[in-house]
Amino acid sequence: FCQSLLHAVFPAELRVASLKLLSRVFNLCSSYCYYDITEIDGVNTNELYNAAQLYLSTSASITGSRLSLTRATNSTAVTFGLSNSDNLVDVFLGVPVLWEHVITPRQNQTFSWRPLPEDKRGFTLRIKKKDKSLVLDSYLDHIMDKANEIRRKNQDRFLYTNSRGGSLDSRGHPWESVPFKHPSTFETLAMDPLKKEEIMADLNDFVNGQSFYQKTGRAWKRGYLLYGPPGTGKSSMIAAMANHLGYDIYDLELTEVHNNSDLRKLLMKTSSKSIIVIEDIDCSINLTNRKKNAGDAPGRNHHYDGGPLPEMRGGGDDGGGNSITLSGLLNFTDGLWSCCGSERIFVFTTNHVEKLDPALLRSGRMDMHIFMSYCSFPSLKILLKNYLAYGEGDLDEMVLKELGEVVDDAQMTPADISEVLIKNRRDKDKAVNELLEALKARVEKNRANGGLMREEEEQEKRALESPKQGGDELQESCNKSDDNKPN
Ligand SMILES: Nc1ncnc2c1ncn2[C@@H]1O[C@H](COP(=O)(O)OP(=O)(O)OP(=O)(O)O)[C@@H](O)[C@H]1O
Ligand SMILES: [Mg+2]
């Protein structure tokens, strides 16, 4: 009787209304506000939920008493997460925020094109009302950024190639990818420690330089030219850069690109935070038919003048199938298109810097020119440490002195030296002795050759120091070697 009276006195609408009123009064009195971040918003996956989960799983400032541990496939890190109804406190800019993970079973599955998970998952974020603007303005952005960073660090990076030519895969991508697992790091790289530090500092400035690039109105990208003889670690340096920054690598095979517009399409399909590599650039762009161009415009060869364009090697032979041009390549690295996406590094490598078009070398195009030289004494010490576990002071002073005396004149590449060390790595003394012999033998050989190699090196350096002069040299070398005249 009482129940029916209650129902009669308080009809359903009134009950709902009074509940609403109560909760409004409660909300007004409470000094907190709450945000629900559900895993699935309607039928779409909520990016913020995933980001929050990732962020909470690694945030060092978090405290909680019960956490669940996970390790995803291919991941190198263990992450912890929240079980049902667990609370975590995070502190952002001195403001404490409370996270609660809520899991409820999903009732009466409604029809959906996509099967929904059995549980409804969500985070409830509780903050003081006075801190509301802080959360909405920067905390959520901070979470998204951090989550992206964690994702990048945890995941395998990828090495992309355009070996399919311009053809697209089923998802419309021109790049093919494989997981990138090169073990080279700046620690294992044998080169002058000061130069190494300079490069690492430059890379760090680049990744942390978003506001600088914004302020100065520059596109957020950087170019490195690595040059030097084969086996001096140019490819290893690229791998070390990628590992240091956690970037993907796009290895661009220019000979597979048919024309400038394909090149642009490839560029558009690269992601931010990546290194775009063109190896052996001197072999990719054929400069042999620049002679005609230079004849038309003498003295202007150090600026690309928009005249007849150098074609790809073999381009003339196959009926114009390959018509990628130097100007197309420069546009690729420098033009408006190069800014679609940001935080990108371009790396070109070459064995013959003197063969490069000065337009590629002029300042502002390749920001840093890095000469990868023959093995020097400091580099040798790094190799001895890596391959034979010799630390500072482990090796006999006399032997070290002897090594130091011959290593520069021997002009052996780190690749040659590591070969000797690998072969004898079980017997350290034998390895060092054999290395000493090899270095001495090489010194003798170089003396006999009359320092021919040294001259080549000097020529490369000169070419870089003065692009104008380099241009003239290039001109000469083109004139001399132009036996492959255009039809
Ligand atoms: N500076 C270096 N530090 C450590 N290892 C090196 C270095 N240079 C070469 N090596 C070793 O030699 C091998 C060949 O080096 P790498 O492929 O990096 O040379 P490269 O300069 O790219 O040569 P190429 O001009 O022929 O492409 C590497 O696998 C690496 O083990
Ligand atoms: Mg290489």
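Parameters and conventions
- Residues numbered from 1 in each chain as written.
- Chains lettered and ligands numbered in written order.
- Predicted model: local features only at pLDDT ≥ 70, side-chain atom pairs only at ≥ 80, totals over all residues.
- Heavy atoms only, no water.
- Phe/Tyr/Trp six-rings, centres within 6.5 Å; stacked < 30°, edge-to-face > 60°.
- Helix = DSSP H or I, 4+ residues; strand = E, 2+ residues; numbered from the N terminus.
- Buried < 20%, exposed > 50% of the residue type's maximum accessible area, 1.4 Å probe, protein only.
- Lys NZ or Arg CZ within 6 Å of the ring centre and 35° of its normal.
- Pairing = 2+ DSSP bridges.
- Axes fitted to C-alpha atoms, helices over the stretch in contact; angles between N-to-C directions.
- Contact = heavy atoms within 4.5 Å.
- pLDDT = per-residue confidence, 0-100.
- Core = buried A, V, L, I, M, F, W, Y, C linked by side-chain atoms within 4.5 Å.

The name an unreviewed UniProt entry assigns to the protein is AAA-ATPase, from the organism Camellia lanceoleosa.

Novice: What should I look at first to understand the packing of aromatic side chains in this one?
Specialist: Aromatic ring pairs are described here by two measures, namely the spacing of the ring centres and the angle between the planes. As enumerated under the stated definition, the model contains 13 aromatic pairs in all. The interplanar angle of 45 degrees and the centroid separation of 6.0 Å between the aromatic rings of Phe 206 and Trp 220 together place this pair among those described as tilted. Residue Phe 206 is located in helix H5 (residues 193-207), and its partner Trp 220 is located in the loop between helix H6 (210-216) and strand S11 (221-227); the two are separated by 14 residues in the primary sequence. Given a relative accessible area of 13%, Trp 220 falls into the buried group. For the pair Phe 332 and Phe 346, a centre-to-centre distance of 5.7 Å together with 75 degrees between the ring planes defines the contact as edge-to-face. Taken together, the residues span a long stretch of sequence, with Phe 332 in helix H11 (residues 326-334) and Phe 346 in strand S14 (residues 344-350) at a distance of 14 residues. The residues Phe 332 and Phe 346 share a single accessibility class, namely buried. Grouped by ring-pair contacts, the aromatic residues Tyr 49, Tyr 55, Phe 92, Trp 99, Phe 123 and Tyr 139 constitute a single cluster. Geometry around Tyr 32 places Arg 126 over its ring, the cationic atom sitting 3.8 Å from the centre. Above the face of the Tyr 390 ring, Lys 428 is positioned so that its terminal group lies 4.9 Å from the ring centre.

Novice: How do you make sense of the sheet that holds strand S1 (residues 32-38) when you look at a structure like this?
Specialist: In sheet architecture, strand pairing relies on hydrogen bonds along the backbone and comes in two forms, parallel and antiparallel. Across the sheet, 4 strands lie side by side as S1-S8-S7-S6; this open sheet has antiparallel pairing. Two strands lie at the open edges of the sheet, namely S1 and strand S6 (87-92), each paired on one side alone. Going across the sheet, the axis of each strand differs from the next one's by a mean of 25 degrees, ignoring polarity. Note: strand S7 (residues 95-105) against strand S8 (residues 119-128), 8 bridges, orientation antiparallel. Paired with His 101 across the strands is Phe 123, a residue of S8. Along the sheet face, helix H3 (residues 47-58) touches S1, S6, S7 and S8 and points at about 70 degrees away from the line of S8.

Novice: Honestly, the confidence of the model for the protein in this entry has me stumped. Any pointers?
Specialist: It should be kept in mind that the predicted coordinates are not to be read in detail where pLDDT is low. Considering every residue of the protein, the mean pLDDT works out to 77; 71% of them sit at 70 or more. Note on residues 287-320: pLDDT under 50 across the span, and 69 contacts to partners over four residues away in sequence or across chains. For residues 467-487, every residue scores under 50 in pLDDT, and the model assigns this stretch 29 contacts once sequence neighbours within four places are set aside. Listed scores for the predicted complex are pTM 0.66 and ipTM 0.98.

Novice: Teacher, can you tell me more about the sheet that holds strand S15 (residues 368-371) here?
Specialist: What the 7 strands build is an open sheet, ordered S10-S9-S12-S13-S14-S11-S15; its pairing is mixed. For this open sheet the edge positions go to strand S10 (176-180) and S15, each flanked by a neighbour on one side alone. With strand direction ignored, the average angle separating the axes of adjacent strands in the sheet is 20 degrees. Where H5 meets the sheet, its contacts fall on S11, S14 and S15, and the angle it forms with S15 comes to roughly 150 degrees.

Novice: Just to check I follow, could you spell out unusual backbone geometry for this structure?
Specialist: Leave glycine aside and you will find that most residues have negative phi; peptide bonds, for their part, are mostly trans. At Leu 93, a position not held by glycine, the phi torsion is positive, near 50 degrees. Looking at the secondary structure, you find Leu 93 in the loop between S6 and S7. Positive phi, normally seen in glycine, also occurs at Ala 389, with a value near 60 degrees. By the secondary structure assignment, Ala 389 is in the loop between helix H13 (377-388) and helix H14 (397-410). For Ala 389, a relative accessible area of 52% puts it in the exposed group.

Novice: Is there a simple way to think about the nonpolar core in this case?
Specialist: When a protein is soluble and globular, its nonpolar side chains tend to lie buried together. By size, the foremost hydrophobic cluster in this structure holds 28 residues, and its most contacted members are Leu 252, Leu 329 and Phe 332. At the level of elements, S11, helix H8 (260-268), strand S13 (274-278), H11, S14 and helix H12 (358-361) are the ones that each hand at least two residues to this core. For this core, the element with the highest residue contribution is H11, accounting for 4 residues. Once residues within four sequence positions are removed from consideration, Phe 332 is found in contact with Leu 252, Leu 263, Leu 267, Ile 276, Ile 278, Ser 338 and Phe 346. Judged by nonpolar contacts, the second largest core, of 27 residues, contains Ala 239, Ile 345, Val 347 and Met 372.

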